[in-house]
Amino acid sequence: MRYRVSLKLWETNEMENLEYEESEQFAGFEEDPTDAYKGYVPEEFTIAFVDGIRRIDHSAYVWDESKNSSYEAVFATLSAGAIILKPKSINLIEQSFRMQRVRRVFLVKGDVEENAFSGLNYEVKKLLEDKELSLELLRLLRREEVDAAREVWKKVKPQLLVCDGTLTSEHRGITCVGFVKTIKRLFISREYAHLLQNLKKGYRTPLIRVHSQRKIEEQAKLDKYTWYVKLAEGEGIGTLVRLEVFGNLPKEKVKELADLTAGVLPMFASAPFQDPRSPQNLLPIKVLENTLRKHLGAPDIARKRLQEIFLNA
């Protein structure tokens, strides 16, 4: 046997959930920066939320006897899907929960022969670049989320399609809004900080133009509009979320989406007794996450199955 897999039984069953946004630069306001803008709620509309979750089934090491090398690895299960709602209507979870997908991955940080693990119920993926396993898993999860979002946009065409996290180039071709609930830094200069401090529930900041600095040649392609929405009463960044869309959308369409988010998203904000991540973790997203977890199967069973395979080998 060329490869031997040893499970790291002493490690916790989760990995740190890191997410790094692109380095972006403030490029100026696209609306009057001295005022806030009130959101609106249409009489009838369809809204869709797309999100995903990942579960670490087991951390491991792979020993390559031919190269006398050891590779870090992880068994993980990824799931993404959408929840589609029509406010003022009866929304049954069986009908609202759509486009669900599950992917099981054996991610190895080394050059292994993928067919050597063909008997596993996991897709073998090699990570040859100098990256963290957790970041690569996040990239794979985002890919599943993008596929779900693309299917929602194609089949449902909701008035508002909300995708978890910052938008990437893979989201092109989908009219969606990136929902960044963990605000790591502000895309607004200090002199306009009062716009955030004085923002009221159901209002948004003026549109802000930002552009990518990851690759100079991609600036024009990855330009974005971003804005902040106040989800709930109270002070501090914890009551705000940042939204974004691609900069190639017509400005009137961007304004329409921005006003829609300011009016509609506070309707779905969670309260502290409902979710410790309130109000940013919206109630439909919480329901979606819980439903996705149920479709992953029992984590103890997956973990025990891996132990039976490799601890007895």
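In the block above lies the structure referred to throughout.
Here's a quick rundown of the structure. This one's a predicted model, so the numbers in the text were calculated from it and none came from an experiment. (Residues numbered from 1 in each chain as written. Predicted model: local features only at pLDDT ≥ 70, side-chain atom pairs only at ≥ 80, totals over all residues. Heavy atoms only, no water.)

**Some thoughts on the overall build of the protein chain**
Regarding its fold elements, the protein chain presents 6 helices and 13 strands. Looking at the protein chain as a whole, 52% of its 313 residues qualify as buried. Partitioning the contacts of the protein chain with sequence separation of at least 6, the portion at a separation of at least 24 is 69%. (Helix = DSSP H or I, 4+ residues; strand = E, 2+ residues; numbered from the N terminus. Buried < 20%, exposed > 50% of the residue type's maximum accessible area, 1.4 Å probe, protein only. Contact = heavy atoms within 4.5 Å.)

**Thoughts on the environment of G238**
With respect to the helices, strands and loops of the structure, G238 is situated in the loop between β12 (224–230) and β13 (240–246). Residues G238 and K181, spaced 57 residues apart in sequence, show a C-alpha to C-alpha distance of 8.7 Å.

**A few points about the packing of aromatic side chains**
Throughout the structure, instances matching the rule amount to 6 aromatic pairs. In textbook terms, an aromatic cluster arises when at least three aromatic residues are bridged by ring pairs, as seen for F75, F106, F117, Y122 and F310. Over the ring of Y225 we find R209, and its NZ or CZ is 4.5 Å from the ring centre. (Phe/Tyr/Trp six-rings, centres within 6.5 Å; stacked < 30°, edge-to-face > 60°. Lys NZ or Arg CZ within 6 Å of the ring centre and 35° of its normal.)

**A word on the environment of H211**
Relative to the helices and strands, H211 is located in strand β11 (residues 208–212). When its relative accessible area of 18% is taken as the criterion, H211 is described as buried. C-alpha of H211 to C-alpha of G247: the two residues are 36 residues apart in sequence and 8.6 Å apart in space.

**Topic: the nonpolar core**
Counting residues in hydrophobic clusters, the biggest one holds 34 residues, and the most contacted among them are I47, F49, W227, L265 and L282. Those elements that provide at least two residues to this core are β4 (47–64), β5 (69–85), β8 (160–164), β9 (177–180), β12, β13, α4 (251–264) and α5 (283–296). For this core, the leading source of residues is α4, giving 6 residues. In contact with L282, other than residues within four places in its own chain, are F49, F179, L231, L265, F268 and A269. (Core = buried A, V, L, I, M, F, W, Y, C linked by side-chain atoms within 4.5 Å.)

**Topic: the pairing of strand β6 (residues 97–108)**
On a regular strand, one side chain projects to one face of the sheet and the next to the other, so that they alternate. By the bridge criterion, 10 bridges tie β5 to β6 in an arrangement that is antiparallel. Across the sheet, the residue bridging to S79 is V102, located in β6. (Pairing = 2+ DSSP bridges.)

**Things to note about the side chain of N281**
Mapping N281 onto the fold places it in the loop between α4 and α5. The exposure class of N281 is buried, given its relative accessible area of 0%. Excluding anything up to four places from it in sequence, N281 contacts K181, S270, D275, K286 and E289.

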